[in-house]
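Coordinates in review
Residues per chain are reported as follows:
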Amino acid sequence: MDDYSRQATRLEAIGGSYDKWLLGAAVALASIGVVMVASSSIALTQSPFYYLTRHLIFIAIGVILAAVTMRVELKEIEKYNQLLLLGCFALLIVVFIPGLGSSVNGAQRWINLGFSKFQTVEAVKVLYIVWLSSYLVRFRDEVNATWQAMLKPVGVVGVLVVLLLMQPDFGSSMLLLGITTCMLVLGGAQITRIILPVLLLLPGLIALVIFEPYRMRRVTSFMDPWQDQLGSGYQLSNALMAIGRGEWNGVGLGASIQKLNYLPESHTDFIFSVIAEELGFVGVCGIISLYALLVGRAFWLGMRCIEMRRHFAGYIAFGIALWISLQTFVSIGVNLGMLPTKGLTLPLISSGGSSVMMTCVAMGLLLRVSYEYNRAVRRQEVREDSDVADAPLAETHDADAVEPNTASAIAASMQTSAARGTSRMQPRVEPTFGRIA
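Residues numbered from 1 in each chain as written. Predicted model: local features only at pLDDT ≥ 70, side-chain atom pairs only at ≥ 80, totals over all residues. Heavy atoms only, no water.

Within the element layout of this structure, Ser40 appears in helix H2 (residues 20-40). Only 2.7 Å separates the side chain of Ser40 from the backbone oxygen of Met36, close enough to count as a polar contact. In this structure Ser40 touches Lys259, Ser266, His267, Ile271 and Val274, once residues within four positions along its chain are discounted. (Helix = DSSP H or I, 4+ residues; strand = E, 2+ residues; numbered from the N terminus. Polar contact = N/O pair within 3.5 Å; in protein donor to acceptor, adjacent residues only side chain to side chain. Contact = heavy atoms within 4.5 Å.)

Turning next to the environment of Phe318. Here Phe318 lies in helix H14 (residues 311-335). Among the residues examined, Phe318 registers a relative accessible area of 2% and is labelled buried. Here the alpha-carbon distance between Phe318 and Ile129, two residues 189 residues apart in the chain, equals 9.1 Å. (Buried < 20%, exposed > 50% of the residue type's maximum accessible area, 1.4 Å probe, protein only.)

Okay, the packing of aromatic side chains next. The tally for this structure, following the rule as stated, stands at nine aromatic pairs. Members of the aromatic cluster, connected to one another through ring pairs, are Tyr128, Trp131, Tyr135 and Phe139. (Phe/Tyr/Trp six-rings, centres within 6.5 Å; stacked < 30°, edge-to-face > 60°.)

Right, let's talk about the packing of helix H6 (residues 120-138) against H14 for a bit. Viewed as axis vectors pointing N to C, H6 and H14 meet at an angle of 140°, and their least axial separation amounts to 8 Å. Here the hand of the crossing between H6 and H14 comes out right-handed. On H14, the residues touching Glu122, Lys125, Val126, Ile129, Val130, Ser133, Ser134, Leu136 and Val137 of H6 are His311, Phe312, Tyr315, Ile316, Gly319, Ile320, Trp323 and Gln327. Its residues assigned to classes, the contact of H6 with H14 comprises 10 nonpolar, five polar and two charged. (Axes fitted to C-alpha atoms, helices over the stretch in contact; angles between N-to-C directions. Left-handed = near helix turned anticlockwise from the far one by under 90°. Nonpolar A, V, L, I, M, F, W, Y, C, P; charged D, E, K, R; others polar.)

Turning next to unusual backbone geometry. Following Gln167, the chain continues to Pro168 via a peptide bond in cis, the omega torsion being -5°. Here Pro168 lies in the loop between helix H8 (147-165) and helix H9 (170-186). Look at Glu265: it is not a glycine, yet its phi comes out positive at around 55°. Mapping Glu265 onto the fold places it in the loop between helix H12 (234-246) and helix H13 (271-307). Residue Glu265 is classed as partly exposed on the basis of its relative accessible area, which comes to 37%.

Moving on to the pattern of salt bridges. Scanning the entire structure with this criterion turns up 10 salt bridges. Ionic pairing is found between Lys125 and Glu122, a salt bridge with its closest N-O pair at 3.3 Å. Residue Lys125 and its partner Glu122 are located together in helix H6, separated by three residues, close to a single helical turn. For the salt bridge of Arg368 with Glu372, the shortest nitrogen-to-oxygen distance reads 3.0 Å. Remark: Glu372 and Arg368 occur in helix H15 (residues 353-395); sequence separation between them is four residues, near one turn of the helix. Each member of the pair, Arg368 as well as Glu372, is classed as buried. (Salt bridge = Lys/Arg side-chain N within 4 Å of Asp/Glu carboxyl O.)

Together, Ile195, Leu199, Leu202, Ile206, Ile210, Phe211 and Met216 give the surface a local cluster of nonpolar side chains, amounting to about 680 Å² of exposed area. The biggest single contributor to the nonpolar patch is helix H10 (residues 191-210), with five residues. Within the secondary structure, Leu202 is located in helix H10. Taking the relative accessible area as the measure of exposure, Leu202 reaches 42% and is therefore partly exposed. (Patch = residues over 30% accessible without salt bridge, like charges linked within 9 Å, V, L, I, M, F, W, Y side chains within 5 Å. Areas by Shrake-Rupley, 256 points an atom, 1.4 Å probe, with all protein chains shown as cover.)

As judged from the four bridges shared by strand E1 (residues 101-104) and strand E2 (residues 107-112), these two strands associate in the antiparallel manner. The residue of E2 that forms the bridge with Val104 is Ala107. Two strands pair when backbone bridges link them, and E2 and strand E3 (residues 117-119) are joined in this way by three bridges, in the antiparallel orientation. Of the residues in E3, the one forming a bridge with Trp110 is Gln119. Taking the residues that link successive antiparallel strands as the turn, the E2-E3 hairpin has four residues, and the phi of Gly114 there is positive, at about 95°. (Pairing = 2+ DSSP bridges.)

This paragraph deals with the confidence of the model for the protein chain. Summary statistics for the protein chain give a mean pLDDT of 84 and a share of 86% for residues scoring 70 or more. Predicted confidence in the protein chain is weakest over helix H16 (residues 404-420), with a mean pLDDT of 42, and strongest over H13, with 96. Low pLDDT (under 50) marks residues 432-437, which in the prediction has 19 contacts with non-local residues, meaning those over four places away or in another chain. (pLDDT = per-residue confidence, 0-100.)

In spatial order, the strands read E1-E2-E3; together these three strands make up an open sheet with antiparallel pairing. Both outer strands of the open sheet, E1 and E3, are each paired with one neighbouring strand and no more. Across the sheet, the mean angle from the axis of one strand to that of its neighbour is 50°, orientation sign disregarded. Its contacts with the sheet place H6 against E2 and E3, and it is angled at close to 40° to E3.

Quick look at the structure:
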């Protein structure tokens with residue numbers, strides 16, 4: 001075995017490690033979620049620990065799925081990008097099939113698994129982010145240079161949004177549109193080109209709100225929930241009362257009054273209000289800090305991957321960070337009365353089997369990105385150390401022994417490449433964060 005083979009074998013034996021900050025933030029948020037689900041749901045059923053038991057079961061399943069995801073190479077996942085996209089469409093269509101689809105409160109968003117119901121859009125979020133990451137890798141130069149390449153993912157998300165609005169699920173539709181727009185900008189699309197489709201979609205989105213009575217009621221109640229406190233403003237007014245009671249240090253864990261069948265969905269969509277009531281402003285700041293750590297670390301990881309030209313891993317990190325940050329912002333904004341009421345859970349904290357399991361899968365995928373990044377860094381360090389050790393041998397060669405035509409050939413090649421422009425085969429440092437012009 002020659003030196004190069006031995007070095008390659010040594011490099012293959014080097015593994016990576018999972019990011020401790022990401023893992024710590026995710027575990028901390030999930031732990032807080034267990035405590036708050038137990039507290040907020042204790043008065044909802046005759047069995048005080050019914051929702052807590054379900055939540056723990058779904059977390060256990062999510063941890064198993066995350067562990068499996070953490071063991072799969074990203075290059076293996078990337079191979080199935082087209083199948084993942086087909087999976088997105090299939091999951092959103094299957095809810096309309098009689099016998100498989102299940103309706104809750106007039107919304108056709110779930111499939112019946114027998115022992116539980118699964119909200120398919122939660123899986124679509126993960127699959128779509130992986131597909132879009134793969135697309136931006138394969139067409140990263142074209143996305144910046146041509147309308148066709150940029151509009152293809154816009155068309156894909158447009159079809160997904162139509163299927164979601166048929167369920168209907170306006171909140172998840174806006175979430176997917178936000179993720180797509182931000183990822184296209186991070187992928188190098190010109191901001192001026194992004195603005196035009198957004199402006200074209202805006203009138204349609206406004207019309208969907210105006211001509212749908214229940215959505216319009218949510219907007220009007222959001223603007224003044226006290227005008228119809230026992231009607232359309234009931235949820236928000238009780239959420240604001242819960243937050244107001246919390247003051248600085250809260251009323252104490254388990255001492256919330258609003259969770260006693262006054263605040264609807266206190267263990268899911270409005271769990272943040274219960275947290276604010278029981279833990280106060282200090283507790284709220286702590287939870288927001290954990291989300292900031294999780295999202296900030298994910299963006300940092302994405303940037304480091306892009307700098308190493310590991311674009312697929314970097315875009316996945318960006319996509320998951322955008323998903324968690326946007327959904328957290330909307331969920332907290334709804335509880336604080338800053339945004340109209342939307343059915344989006346607080347990631348890793350709210351009760352809900354589909355959301356909990358798929359968020360765990362996303363965390364597993366993010367930790368896999370951190371593992372492969374750390375492995376690449378360690379291998380690069382070993383390679384550089386090996387190059388330094390071999391440097392004295394290289395100095396024994398006569399520099400003048402290089403053929404004169406070699407330098408000329410390299411220069412000619414560089415000029416030819418410059419004349420042709422950027423090629424898809426040429427590596428490029430990402431992201432560009434869009435271009436103004």
